[in-house]
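Spelled out from the first residue to the last, the chains are:
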Amino acid sequence: GIIIPTRNRPQFLMNAMRMLEEQTLKPDFIEVVDDKPITKEKDICWRYKIGYERLKDKCHVIFFWEDDDWYSPDYLRIMVKGWEAYGKPMMLGIMSTTYYHLRSRKYATILHPDRSSMFCTMVKGGQDIDFGDEKSIFVDAHLWKKYEGKLFDPGRICLGIKHAIGLTGGIGHQYDWKGYKDTDTNNSFLQSIVDPKSYQFYTSIYR
């Protein structure tokens, strides 16, 4: 199962759905959570919670798929194989995350020793999961602290795209975030990772 939390970003959602269609392992269920917001504040956690409740009794595993991030066509297949290889844990995530800011064209790779970013975390279905404060943007930190999971490093099969468009999550969306150390002057880094259609889409955002 796939949960896509989204809110007033149709251009990102369309690209996310295209990437899902191109996966080498097809999902059985896709739950786009575009419900009416409960407040004017960030409500990412609330949308994840709704999506999980709708899918948990239908799916063996459930992925949190951000509408703006990039995923390799083999992402779902590699993640499911990893989950099976690690004995089907409660959660599985990628320990090394690369964030890329579209406007500044800067990027950073962060190693998480004890958790995974939300956009590259999957969980078992059929569980009663506490997602934490419904207004929190740090859902991943809460889940990985509360529940046991396995981390692995399958290579760069996804990319955290940052842009500051709409209601966003972590500080990586800030243009001047100090964590960005490398600059992609001519977009060569981005082009070397993402598929051609995604490259065309992402480079058009601030054109």
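In this text the structure is predicted, and so the values were computed from the model without any measurement. (Residues numbered from 1 in each chain as written. Predicted model: local features only at pLDDT ≥ 70, side-chain atom pairs only at ≥ 80, totals over all residues. Heavy atoms only, no water.)

Participant: Give a description of the overall build of the protein that names residues and reports values.
Facilitator: Assigned secondary structure in the protein consists of six helices and 11 strands. The C-alpha atoms of the protein give a radius of gyration of 16 Å, which matches the 17 Å a tight globule of 207 residues would have. A principal-axis box enclosing the C-alpha atoms of the protein has dimensions of 45 × 40 × 30 Å. Counting all 207 residues of the protein, 52% fall into the buried class. In the protein, 74% of the contacts between residues at least 6 apart in sequence involve partners at least 24 apart. Here the protein displays about 10,200 Å² of accessible surface, and carbon together with sulfur accounts for 49% of that area. The average position of the 30 basic charges and that of the 28 acidic charges among the side chains of the protein differ by 3 Å. (Helix = DSSP H or I, 4+ residues; strand = E, 2+ residues; numbered from the N terminus. Rg over C-alpha atoms; globule rule 2.2 N^0.38 Å. Buried < 20%, exposed > 50% of the residue type's maximum accessible area, 1.4 Å probe, protein only. Contact = heavy atoms within 4.5 Å. Areas by Shrake-Rupley, 256 points an atom, 1.4 Å probe, with all protein chains shown as cover. Lys, Arg positive; Asp, Glu negative; His and termini not counted. Charge placed at Lys NZ, Arg CZ, Asp CG, Glu CD.)

Participant: I'd like a rundown of the sheet that holds strand S8 (residues 121-124), residues and numbers included.
Facilitator: Pairing within the open sheet is mixed, and its six strands lie in the order S2-S1-S3-S8-S5-S9. Looking along the sheet, the strands with just one partner apiece sit at the ends: strand S2 (30-33) and strand S9 (150-152). Between one strand axis and the next, the sheet turns through 20 degrees on average, direction left out of account. In terms of strand pairing, strand S1 (residues 2-5) meets strand S3 (residues 61-64) through two bridges, oriented parallel. Looking across to S3, one finds that Ile3 is bridged to Phe64. Packing against the sheet, helix H2 (residues 44-55) makes contact with S1, S2, S3 and S8, and its axis sits at approximately 155 degrees to S1. Packing of helix H3 (residues 75-85) onto the sheet brings it into contact with S1, S3, strand S5 (91-94), S8 and S9, and relative to S3 it is tilted by some 130 degrees. (Pairing = 2+ DSSP bridges. Axes fitted to C-alpha atoms, helices over the stretch in contact; angles between N-to-C directions.)

Participant: Hey, could you go over the pattern of salt bridges for me, with residue numbers and the actual values?
Facilitator: For the structure shown, the criterion picks out 11 salt bridges. Ionic pairing is found between Arg9 and Asp68, a salt bridge with its closest N-O pair at 3.5 Å. Here the residue Arg9 occupies a position in the loop between S1 and helix H1 (10-21), and Asp68 occupies one in the loop between S3 and strand S4 (70-71), the gap between them amounting to 59 residues. With respect to burial, Arg9 and Asp68 carry one shared label: buried. The shortest N-O distance in the salt bridge between Asp195 and Arg18 comes to 3.3 Å. Remark: Arg18 occurs in helix H1 and Asp195 occurs in the loop between helix H5 (188-193) and helix H6 (196-204); sequence separation between them is 177 residues. There is no split in this pair, since Asp195 and Arg18 are both buried. Three or more residues are tied together by salt bridges with common partners; here these are Arg18, Glu22, Asp195 and Lys197. (Salt bridge = Lys/Arg side-chain N within 4 Å of Asp/Glu carboxyl O.)

Participant: I'd love a proper account of H6, names of residues and values included.
Facilitator: All buried positions along H6 are accounted for by Ser198, Tyr199, Phe201, Tyr202 and Thr203. Among the structural elements, H1, S4, strand S10 (158-162) and H5 are those in contact with the buried residues of H6.

Participant: Lay out the pairing of S8 in plain terms, naming residues and giving numbers.
Facilitator: Relative to S8, S3 runs antiparallel, the two being bridged by three bridges. Bridging across to S8, Ile62 finds its partner in Val123. Strand direction decides the pairing type here: S5 and S8, joined by three bridges, are antiparallel. What sits directly across from Leu92, in S8, is Met122.

By themselves, these observations are geometric and do not establish any function.
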